[in-house]
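# Overview (structure and organization)
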Amino acid sequence: MSGAVDLAPQELRILVAVAEEGGFSAAARRLGTTQSAVSHAVRGIEGKVGVVLFERGRFGARPTPAGARAVAHARRALRLLEALVREARDTPAAEITGPLRIAAFRSAALHLLPPVLERLSARHPGIEATVTVVREIGPGTAGEVAEGRADLGIATLGTDTLGTGTQPGPGLVGDVLLEESYALVHPAGHPDPRSLPLVDWKENCSSATRAWWAAQDWIPAATVRAEDDGAVLSMVGSGLGMAIMPALSLTAVPPGTLITDLGPERPTRRVGYVTTVELAGTAAVRALVRELRSMAKAQVSAG
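Here is what the cut-offs are and how they apply
- Residues numbered from 1 in each chain as written.
- Predicted model: local features only at pLDDT ≥ 70, side-chain atom pairs only at ≥ 80, totals over all residues.
- Heavy atoms only, no water.
- Helix = DSSP H or I, 4+ residues; strand = E, 2+ residues; numbered from the N terminus.
- Buried < 20%, exposed > 50% of the residue type's maximum accessible area, 1.4 Å probe, protein only.
- Contact = heavy atoms within 4.5 Å.
- Patch = residues over 30% accessible without salt bridge, like charges linked within 9 Å, V, L, I, M, F, W, Y side chains within 5 Å.
- Areas by Shrake-Rupley, 256 points an atom, 1.4 Å probe, with all protein chains shown as cover.
- Salt bridge = Lys/Arg side-chain N within 4 Å of Asp/Glu carboxyl O.
- Polar contact = N/O pair within 3.5 Å; in protein donor to acceptor, adjacent residues only side chain to side chain.
- Phe/Tyr/Trp six-rings, centres within 6.5 Å; stacked < 30°, edge-to-face > 60°.
- Lys NZ or Arg CZ within 6 Å of the ring centre and 35° of its normal.
- Pairing = 2+ DSSP bridges.
- Expected span 1.5 Å × (residues − 1).
- Axes fitted to C-alpha atoms, helices over the stretch in contact; angles between N-to-C directions.
- Parallel < 35°, antiparallel > 145°, perpendicular 65-115°, else oblique.
- Left-handed = near helix turned anticlockwise from the far one by under 90°.
- Nonpolar A, V, L, I, M, F, W, Y, C, P; charged D, E, K, R; others polar.
- pLDDT = per-residue confidence, 0-100.

## Details of the overall build of the chain
- A count of helical and extended segments in the chain gives nine helices and eleven strands.
- With respect to the principal axes defined by its C-alpha atoms, the chain has extents near 70 × 55 × 35 Å.
- Looking at the chain residue by residue over its 303 residues, the buried ones come to 44%.
- Considering only contacts in the chain between residues 6 or more positions apart, those separated by 24 or more positions represent 73%.

## Topic: a nonpolar patch on the surface
- Taken together, the side chains of Val 5, Leu 7, Val 49 and Val 51 present a nonpolar region at the surface, about 250 Å² in accessible area.
- On the secondary structure map, Val 51 appears in the loop between helix 3 (35-49) and strand 1 (54-57).

## Details of the side chain of Thr 268
- With respect to the secondary-structure elements, Thr 268 resides in strand 11 (residues 268-276).
- A polar contact is formed between the side chain of Thr 268 and the side chain of Glu 179, at a distance of 2.6 Å.

## Thoughts on the environment of Val 236
- Looking at where Val 236 falls in the secondary structure, it is placed in helix 8 (residues 229-237).
- In sequence terms Val 236 and Thr 257 are 21 residues apart; their C-alpha atoms lie 7.2 Å from each other.
- In this structure Val 236 touches Val 185, His 186, Pro 187, Val 199, Gly 241, Met 242, Ala 243 and Thr 257, once residues within four positions along its chain are discounted.

## Brief notes about the packing of aromatic side chains
- Taken as a whole and judged by the stated rule, the model has one aromatic pair.
- Aromatic side chains Trp 212 and Trp 213 sit 6.4 Å apart centroid to centroid with 80 degrees between the ring planes, which places their arrangement in the edge-to-face category. In this structure, Trp 212 and Trp 213 share a single accessibility class: buried.
- Across from the ring centre of Trp 218, 4.1 Å away, lies the NZ or CZ of Arg 194, which sits over that ring.

## Comments concerning the pairing of strand 2 (residues 60-63)
- The sheet contact formed by strand 1 and strand 2 spans four bridges and is antiparallel. Pairing of Phe 54 across the sheet is with Pro 63, part of strand 2.

## Observations concerning helix 4 (residues 65-89)
- Over its 25 residues, helix 4 runs 37 Å from end to end, which matches the ideal 36 Å to within 8%, given 1.5 Å per residue.
- Every buried residue of helix 4 is accounted for by Gly 67, Val 71, Ala 72, Ala 74, Arg 75, Arg 76, Leu 78, Arg 79 and Ala 83.

## Considering the environment of Arg 29
- By the secondary structure assignment, Arg 29 is in helix 2 (residues 24-31).
- The exposure class of Arg 29 is exposed, given its relative accessible area of 65%.
- Here the alpha-carbon distance between Arg 29 and Ala 17, two residues twelve residues apart in the chain, equals 9.6 Å.

## Side note on the pattern of salt bridges
- For the structure shown, the criterion picks out 22 salt bridges.
- In this structure, Glu 21 engages Arg 30 in a salt bridge whose closest nitrogen and oxygen atoms are separated by 3.1 Å.
- Three or more residues joined by partner-sharing salt bridges are found here, namely Glu 20, Glu 21, Arg 30, Arg 75 and Glu 147.

## Considering the packing of helix 1 (residues 9-21) against helix 4
- Taken N-terminus to C-terminus, the directions of helix 1 and helix 4 make an angle of 130 degrees; their axes are 9 Å apart at the nearest point. One way to sum up the angle between helix 1 and helix 4 is to call them oblique. Along this stretch, helix 1 crosses helix 4, giving a crossing that reads as left-handed. Along its contact with helix 1, which presents Pro 9, Leu 12, Arg 13, Leu 15, Val 16, Ala 19 and Glu 20, the element helix 4 presents Val 71, Ala 74, Arg 75, Ala 77, Leu 78 and Leu 81.
- Looking at the contact of helix 1 with helix 4 residue by residue, the class counts come to ten nonpolar, no polar and three charged.

## Focus on the confidence of the model for the chain
- The predicted model of the chain averages 89 in pLDDT, with 91% of residues at 70 or higher.
- Within the model, the stretch residues 159-165 combines pLDDT values under 50 with 19 contacts to residues more than four positions away or in other chains.

Quick look at the structure:
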């Protein structure tokens, strides 16, 4: 099949609604129309595109691999249309307004974003920022951006001392904001904290640290696994073991714990932002990036 395919915004909304609601009837209720109208529209879209976008069955409707890609593009196209209309109506001197959807992993959402969003709100009170906490496993925050569920993600882009790392995926752009070191956190007063059991969580050992981690013969296999870094710190503070954690996770450690430097060969990870090529030039995203870079520059100067 060749040639341009014209899809109207309402058709894109139907694709997104069916995927997110899991069926034609639920999508129809969300859109304020009938099940038959949604079903007919999806068949028409599939005819235009030339591929099956949804598997139908008693379970409802699930996107095929092609459908999942189409839905991601639909979300991003709808968001760009919204930005286009908003920015076309504004004059260059107008206040920046509108929604700004941010995805961030837990420690970034707790310790990095709040002062940034406070400054953003002071300068641009018309921006309506929302933050979704996403586990930095698999697609992570960059996946939320690629799928069109977030305008910008705070992601781990890190390279460590061994030079491994990740980059934004196709259609995404971004930059490093800061590089954080890993450190040993352990109960205060223990004579040999490296002999303690390891407390860990799945999100911790990313590709950026795995090689370093495997080369340390003093690090045992984790005997306690927690849900997130906050739970790890709580367990370490209770004397259940030691942990190796990045700096953002150690911003606020509980009483009775100490942080010990791992030395010059300690691993690091780079924390940055990721957005889409299309949204990178929009006013709200640019305003947020300016604040993020200002924060990063201030941290470097303070360090």
